[in-house]
Amino acid sequence: MSERLTAAGVHLLTATGAAFALLALVAASRGDWQLMFIWLGVALIVDTVDGPLARRVGVVKVLPRSSGERLDLIVDFLTYVAVPAFAFCQSDLLPEAFRLPAGIAVILSSLFHMADQESKTKDGYFVGFPAIWNVICLYLFAFMPRPYLSLLIVAFFVVLTFVPIRSVHPVRVVERRPITMIVTASWAVAAIAAAVNSFPSPLWVRVLLLATAAYLVGIGAIRTLRARRA
């Protein structure tokens, strides 16, 4: 009985991500972008810890009827895609005439990625842009480029969804994991600083966001070249 309660508790933890997505959506509807990112950050923390917890308590065996993977995918769609797409529609990041079309493009392309059963390699890399629109949205707010440049950036990543590039998963990819984890932790510091300060972000935050992104993109690019040679 205790095992079932523990497993159910892990499922409940995963499900709280949907509640944080709703809180982020409410904040976005009020134009409180800092608060929106804070709630998305809390959801990201939950998404980081619930998987290892589920494997540790053996949720799949204890509660075989409830799919933690399906639950996690639904929550990911809300936090990684739906809330950022709404932010694109409501904020001044994009030209007004293109806000809703951009949001729709983000939603549709992300559904394609999440429905793709070959969206991950055996060694833990994502195939194509992994629909991390919460991250793209954060960068756009942090740097505040001109609206048409932001539109081009969004369009670029929509297209990348359908291109078989490799994108590193900071936890699952074993290769260079210690360095990748340090870089990811540095990125988290910059992301938190961006969320708690007004936009655009301070210079040191933008520099750290760029430096960490360059490393993570570079790792994916190296893996992409290897895949093409193979």
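Whatever comes next refers back to the structure up there.
Everything quoted here is computed from the prediction, not taken from an experiment.

Asks: Would you mind going over the environment of S67 with me for this structure?
Replies: Secondary-structure assignment places S67 in the loop between α3 (59–62) and α4 (68–90). Considering only alpha carbons, one finds S67 and H11, 56 residues apart in sequence, at a separation of 8.9 Å.

Asks: Would you take a moment to explain the packing of helix α2 (residues 33–57) against helix α6 (residues 133–143) for this structure?
Replies: When two helices pack together, you describe them by how their axes are tilted relative to each other and by the distance separating the axes. As a packed pair, α2 and α6 sit with axes 12 Å apart at the nearest point and diverge in direction by 150°. One finds that α2 runs roughly antiparallel with respect to α6. Viewed along their axes, α2 and α6 form a crossing whose handedness is left-handed. On α6, the residues that touch W33, M36, F37 and L40 of α2 are N134, C137, L138 and F141. Tallied by class, the residues present in the contact of α2 with α6 amount to seven nonpolar, one polar and no charged.

Asks: Explain the nonpolar core to me, please; I cannot follow it from the model alone.
Replies: One recurring pattern in soluble globular proteins: nonpolar side chains tend to sit buried together. Core analysis: the biggest nonpolar cluster contains 44 residues, and M36, F37, F88, V106, W133 and V154 have the highest contact counts within it. For this core, the secondary structure elements donating two or more residues are α1 (2–29), α2, α4, α5 (99–115), α6, α7 (147–160), α8 (177–196) and α9 (203–229). Ranked by residue count, the leading element in this core is α6, at nine residues. What V106 contacts, discounting residues up to four positions off in sequence, is V81, A85, F88, W133, V154 and V158. The next biggest cluster of nonpolar side chains, apart from the first, holds five residues, and it includes A7, V10, V59 and L63.

Asks: Would you explain the pattern of salt bridges in this entry?
Replies: Close approach of charged atoms allows side chains of opposite charge to pair. Counted by the stated rule, this structure contains four salt bridges. In this structure, the salt-bridge partner of D123 is R223, at a minimum N-O distance of 2.8 Å. With D123 in the loop between α5 and β1 (126–127) and R223 in helix α9, this pair connects stretches of sequence that are 100 residues apart. With relative accessibility at 16%, the residue R223 sits in the buried group. The partner of R176 in a salt bridge is E175, with the nearest N and O atoms 3.3 Å apart. In this structure, a network of salt bridges that share partners links the residues E175, R176 and R226.

Asks: Which parts of the structure should I look at to understand empty space enclosed by the protein?
Replies: Where empty space is left can be seen by rolling a probe of water-molecule size over the atoms. The full count for this structure, using the stated rule, is one cavity of 30 Å³ or more. Estimated volume of the largest cavity: approximately 40 Å³. Taken together, T14, A43, V46, D47, D50, D72, V75, D76 and T79 make up the lining of the largest cavity. Taken together, the elements giving at least two residues each to the lining of the largest cavity come down to α2 and α4.

Asks: Looking at this structure, I do not really get α1. What am I missing?
Replies: For an α-helix the count is 3.6 residues per turn, leaving residues at separations of three or four pointing the same way. Between its first and last C-alpha, α1 extends 41 Å over 28 residues, near the 40 Å set by a 1.5 Å rise per residue. Along α1, the positions that sit buried rather than exposed are A7, V10, H11, T14, G17, F20, A21, A24, A27 and A28. Downstream of α1 by a residue or two, G31 has a phi angle that is positive, lying close to 75°.

Asks: Hey, could you run me through the side chain of H169 in this one?
Replies: Checked against the element boundaries, H169 lands in the loop between β2 (166–167) and α8. The class for H169 is buried, based on a relative accessible area of 17%. Within the structure, H169 has its side chain in polar contact with the backbone nitrogen of R172 (distance 3.2 Å). For H169, the contacting residues outside a window of four places in its chain are G124 and F126.

Asks: What is the right way to look at unusual backbone geometry in this model?
Replies: A negative phi angle is the norm for most residues apart from glycine, just as the trans form is the norm for most peptide bonds. Put simply, F199 and P200 share a cis peptide bond, and its omega is -5°. Of note, P200 is situated in the loop between α8 and α9. With a phi close to 55°, A131 is a non-glycine residue in the positive phi region. Here A131 shows up in the loop between β1 and α6. Residue M144 is not a glycine yet carries a positive backbone phi of 50°.

Criteria and cut-off values
Residues numbered from 1 in each chain as written. Predicted model: local features only at pLDDT ≥ 70, side-chain atom pairs only at ≥ 80, totals over all residues. Heavy atoms only, no water. Helix = DSSP H or I, 4+ residues; strand = E, 2+ residues; numbered from the N terminus. Axes fitted to C-alpha atoms, helices over the stretch in contact; angles between N-to-C directions. Parallel < 35°, antiparallel > 145°, perpendicular 65-115°, else oblique. Left-handed = near helix turned anticlockwise from the far one by under 90°. Contact = heavy atoms within 4.5 Å. Nonpolar A, V, L, I, M, F, W, Y, C, P; charged D, E, K, R; others polar. Core = buried A, V, L, I, M, F, W, Y, C linked by side-chain atoms within 4.5 Å. Buried < 20%, exposed > 50% of the residue type's maximum accessible area, 1.4 Å probe, protein only. Salt bridge = Lys/Arg side-chain N within 4 Å of Asp/Glu carboxyl O. 1 Å grid on protein atoms, 1.4 Å probe; cavity = no way out; pocket = protein on both sides within 12 Å on 5 of 7 lines; lining within 4 Å. Points joined across faces, edges and corners; volume = space filled by probe spheres on them. Expected span 1.5 Å × (residues − 1). Polar contact = N/O pair within 3.5 Å; in protein donor to acceptor, adjacent residues only side chain to side chain.

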